[in-house]
Amino acid sequence: MSITGNLALILKQIPDTVKLVVVSKTQSIEAIRDVYNYGQRIFGENKVQEIIQKQPLLPVDIEWHFLGHLQTNKVKYIAPFISLIHSVDSLKLLAEINKEAQKSNKIINCLLEMYIASEETKFGLDMNETITILSSDAYKSMENIRITGVMGMATYSDDDGLTQREFAQLHSYFKTLKQKFFIDDANFKELSMGMSGDYLTAIEQGSTIVRIGTAIFGDRNYS
Ligand SMILES: *Cc1c(COP(=O)(O)O)cnc(C)c1O
């Protein structure tokens, strides 16, 4: 199956209310352009070095999302063009994004990355850390960031029950945070969960944004 053939199949599977981020890390400009020409406008990358190389070479109406672990000293490189940062995992990072957004005279949309997997290696906040951030005066004083939801990654596993429980957990975190901090804020509405192996399960559990790479482009070549 071709890349656009894969994309067409996935677009058929996901409801109109769910946004697709095509994860283009390691993919060539040509491959990204093919997907763009098919009509896709949202692309996601997880490395600052890579996204800042690609962004100027591709059409300006692409909505770029950042998905990976983000170091504070690199925020300045993506702030001018980024649409949504999925991977905010500290107050310090949020403060830096706010500062750089201010310099670019814009508001940057952010998701809080929450830890739901049983693997040690995944980044993310737990519920207490999230509540601490959202309750802080520092956060409340930030005028150039907008928190629009949460993001999470399930354990890499073929146990569907486990994946389901982890996504249900994230959905429940989302609802609690909505109730406690964003009850009157319509912008807080995104649940970013689901990748190539688990996006259908994620959608069943209420995902509003899926992030898909391999199922569109095939296996990544990191060499
Ligand atoms: C790479 C990546 C994806 C896409 O993973 P696939 O399995 O290739 O679909 C999604 N989210 C994040 C955060 C990623 O780093």
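Per chain, the residues get numbers from 1 upward, laid out in the order the sequence is written. Restriction of local features to residues with pLDDT of at least 70 applies here, the model being predicted, together with a cutoff of 80 or more for giving and counting side-chain atom pairs; totals for whole chains, interfaces and linings are based on all residues. Side-chain metrics rest on all non-hydrogen atoms present in the structure, leaving aside hydrogens and water.

Each helix is a run of H or I in the DSSP string that is no shorter than four residues. Each strand is a run of E no shorter than two, and both are numbered from the N terminus. Counting its regular elements, the chain contains ten helices and eight strands. Relative to a compact globule of 223 residues, whose C-alpha radius of gyration would be 17 Å, the chain shows 17 Å and is just as compact. Expressed along its principal axes, the backbone C-alpha trace of the chain runs to roughly 50 × 45 × 35 Å. Think of it in three bands: residues with accessible area under 20% of the maximum for their type are buried, residues over 50% are exposed, and the middle band is partly exposed, with areas taken using a 1.4 Å probe on protein chains only. Considering the chain as a whole, with its 223 residues, one finds that 49% of them fall into the buried category. What makes two residues a contact is simply this: any of their non-hydrogen atoms within 4.5 Å. Intrachain contacts of the chain at a sequence separation of at least 6 include 59% that bridge at least 24 residues. Where accessible areas are quoted, they stem from the Shrake-Rupley method and a 1.4 Å probe; at the residue level, only the protein chains shown are allowed to cover. With the model as given, the accessible surface of the chain reaches about 11,000 Å², and the carbon-plus-sulfur share is 48%. Each radius of gyration is computed over the set of C-alpha atoms, and the globule rule expresses the reference value as 2.2 Å times the number of residues to the power 0.38.

Another point: the environment of Thr4. Turning to its location among the elements, Thr4 is positioned in helix H1 (residues 3-13). A relative accessible area of 25% means that Thr4 is categorised as partly exposed.

For every element, the axis is a line fit to its C-alpha atoms; helices are fit only across the contacting stretch, and the angle between N-to-C directions ranges from 0 to 180 degrees. The interhelical angle for the contact between helix H6 (residues 127-135) and helix H8 (residues 160-181), taken along N-to-C directions, is 25 degrees, at an axis separation of 12 Å. In terms of their interaxial angle, H6 and H8 are classed as roughly parallel. Like other packed secondary-structure pairs, H6 and H8 cross with a definite hand, here right-handed. Contacts between H6 and H8 pair Met127, Thr130, Ile131, Leu134 and Ser135 from the former with Tyr173, Thr176, Leu177, Lys180 and Phe181 from the latter. Looking at side-chain class alone, the contact of H6 with H8 contains six nonpolar, three polar and one charged residues. Orientation is classified from the angle alone, with under 35 degrees giving roughly parallel, over 145 giving roughly antiparallel, 65 to 115 giving roughly perpendicular, and any other angle giving oblique. Note on convention: near helix rotated counterclockwise from far helix by under a right angle means a left-handed crossing. Clockwise means right-handed. Each residue is assigned to one class: nonpolar for Ala, Val, Leu, Ile, Met, Phe, Trp, Tyr, Cys and Pro, charged for Asp, Glu, Lys and Arg, and polar for all the others, Gly among them.

Glancing now at H8. Taking 1.5 Å per residue, 22 residues should reach 32 Å; H8 reaches 31 Å between its end C-alpha atoms and fits that length. Of all the residues in H8, the buried ones are Thr163, Glu166, Phe167, Leu170, Tyr173, Phe174 and Leu177. The buried residues of H8 occupy an angular sector of 110 degrees when the element is viewed end-on, so they sit on one face. H8 presents Asp160, Arg165, Lys175, Gln179 and Lys180 as exposed residues on the side facing more than 90 degrees away from its buried surface. Buried residues along H8 sit against H6, strand S6 (145-151), strand S7 (190-192) and helix H9 (199-204). Within 3.5 Å is the distance limit for a polar contact, defined as a pair of N or O atoms, with the added protein rule that one can donate a hydrogen and the other accept it, and that residues adjacent in sequence qualify only through two side-chain atoms. Backbone nitrogen of Gly161 and a side-chain oxygen of the N-cap are separated by 3.0 Å at the start of H8; the cap is Asp159. The span expected for a helix works out to 1.5 Å for each residue beyond the first. Relevant arc is that of directions from the helix axis to the C-beta atoms, nothing else.

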